[in-house]
Amino acid sequence: MGVIVQKYGGTSVANIERIQNVAKRVAKTYDQGNDVVVILSAMAGVTDNLIEMAGQITDRPERREMDVLLATGEQTTAALLAMTLISMKYPAQSLLGYQAEVRTDCSYGNARIQKVGAGRIKELVEDRKIVVVAGFQGIDPAGNITTLGRGGSDTSAVAIAAAINADMCEIYTDVDGVYTTDPNICSKARKMNRITFDEMLEMASLGAKVLQIRSVEFAKKYNVPVHVRSSFSEEEGTMVVNEYTDMERLVVSGITCSKNDARILVKGVPDQPGIAAKVLTPISDAGIVVDIIIQSSPRNGTNDIAFTVPKTEYDRAMEIEQKVAEEIGAKEVQGDKGIAKVSVVGVGMKNHAGVAAKMFSTLAAENINIRMISTSEIHISCVITEKYAELAVRSLHTAFGLDKE
Ligand code: ASP
Ligand code: MG
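Described in the following lines is the structure provided in the data block. (Residues numbered from 1 in each chain as written. Chains lettered and ligands numbered in written order. Predicted model: local features only at pLDDT ≥ 70, side-chain atom pairs only at ≥ 80, totals over all residues. Heavy atoms only, no water.)

Quick word on the site of ligand 1
Line of reasoning, step 1. In the neighbourhood of ligand 1, the contacting residues comprise Ser41, Ala42, Thr47, Glu74, Phe136, Arg150, Gly151, Gly152 and Ser153.
Line of reasoning, step 2. Within the side chain of serine 41, an N or O atom sits 3.1 Å from an oxygen atom of ligand 1.
Line of reasoning, step 3. Protein chains shield 86% of the accessible area of ligand 1, which is 260 Å² for the free molecule.
Line of reasoning, step 4. Looking at side-chain class alone, the shell around ligand 1 contains two nonpolar, five polar and two charged residues. (Near = heavy atom within 4 Å. Polar contact = N/O pair within 3.5 Å; in protein donor to acceptor, adjacent residues only side chain to side chain. Areas by Shrake-Rupley, 256 points an atom, 1.4 Å probe, with all protein chains shown as cover. Nonpolar A, V, L, I, M, F, W, Y, C, P; charged D, E, K, R; others polar.)

Remarks on the packing of helix H1 (residues 16–31) against helix H3 (residues 63–87)
Line of reasoning, step 1. Relative to each other, H1 and H3 sit at 60°, their axes nearing to 9 Å. Put simply, H1 runs oblique to H3. The interaxial crossing formed by H1 with H3 has right-handed handedness. Each of Ile16, Ile19, Gln20, Val22, Ala23 and Val26 in H1 lies in contact with H3, whose residues at this interface are Leu80, Leu81, Thr84 and Leu85. (Axes fitted to C-alpha atoms, helices over the stretch in contact; angles between N-to-C directions. Helix = DSSP H or I, 4+ residues; strand = E, 2+ residues; numbered from the N terminus. Parallel < 35°, antiparallel > 145°, perpendicular 65-115°, else oblique. Left-handed = near helix turned anticlockwise from the far one by under 90°. Contact = heavy atoms within 4.5 Å.)

Let's talk about the pattern of salt bridges
Side chains that differ in charge, positive against negative, can pair when their charged atoms come close.
Line of reasoning, step 1. Counted under the stated rule, the structure contains 15 salt bridges.
Line of reasoning, step 2. A salt bridge links arginine 229 to glutamate 170, with the shortest nitrogen-to-oxygen separation between them at 3.6 Å. Taken as a pair, arginine 229 in strand E11 (residues 226–230) and glutamate 170 in strand E9 (residues 168–173) lie far apart in primary sequence, 59 residues in all.
Line of reasoning, step 3. Judged by its relative accessible area of 9%, arginine 229 falls in the buried class.
Line of reasoning, step 4. Salt bridges here are not isolated pairs; linked through shared partners, they connect Arg25, Lys28 and Glu234. (Salt bridge = Lys/Arg side-chain N within 4 Å of Asp/Glu carboxyl O. Buried < 20%, exposed > 50% of the residue type's maximum accessible area, 1.4 Å probe, protein only.)

Set out below in structure tokens:
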């Protein structure tokens, strides 16, 4: 018995039948004597439809009104689930984000949670009510409705779980857990029983799509145990935890692959102090986030600087660099959108030598050329040509002993 937060994603509440299925699960958890708070997403596809409708009116919908619009998706599912539970004779009540006191800053469309009051949730739970909260939405200091960015109801769930000191935050989705790599790419991918917050953060930022990154940051900060599992089966999913017990620790826990970046190469820049700043400052001034940067060693007084930017910012970044190249007298700027970043991730590599060497030799054995490298304490990433991405993931998965039997 305890306080359980359950979050159901869009596919789990995609129609009335599925909402009834969710209600049964909620009721079962409640009947076992737990206090249950449910956080919901909008029905699958609804948020996209709302965005599309706004797009029929204008290219640049007013951002405040956009959030009022998008918040309706979650308002709908919250009411429908509460109604379903009530019709099953369970004492349920829905709350919108503001009623749950989900306080955010005022960045419409991508607001950050500052504090969750949750006073009303706690009172209702004390009365043995099942509380159904609309995820993805909050209220800014001026009283405007805000939304938390795509996938934001994960973050609503974890933040509410932290605020009410829940014993567990269960995230129900359409996959049965977190996998060692994308099962669509590698049929030998395995479901992990456990993964640490840090690994999950790496996996998320490197391309895994199971949880909104911010929800993991929140869970780590407030030490909320998270259980990612499927709403379509009874099987245990993946626990996201602070640390492994040593027994289960592997050197590499997972392989990720992202095709979201593009590479920009500025060739023949003068080898002088201050040049890297000249090349990269205008990019950051434009609000473009650079991921990997490498500089070649100088020959004949010049060298090359290459870096990656999100593909969506490619055109802007190329334009900026063309100007910079002229100003500093660089030889030329080349761009390449056909790249992929494959990474090996694992807290186990902190005190293990040879992970990088093994990664490089595995790629070499497949004749895959490494174009850029970056590392942290718990990941190594290589940028390669996009068309070899799947091959790279599969060979690394095998090489690091992750294949299922
Ligand atoms: N409905 C929102 C979205 O589609 C939030 C969420 O599902 O987490 O992004
Ligand atoms: Mg989601």
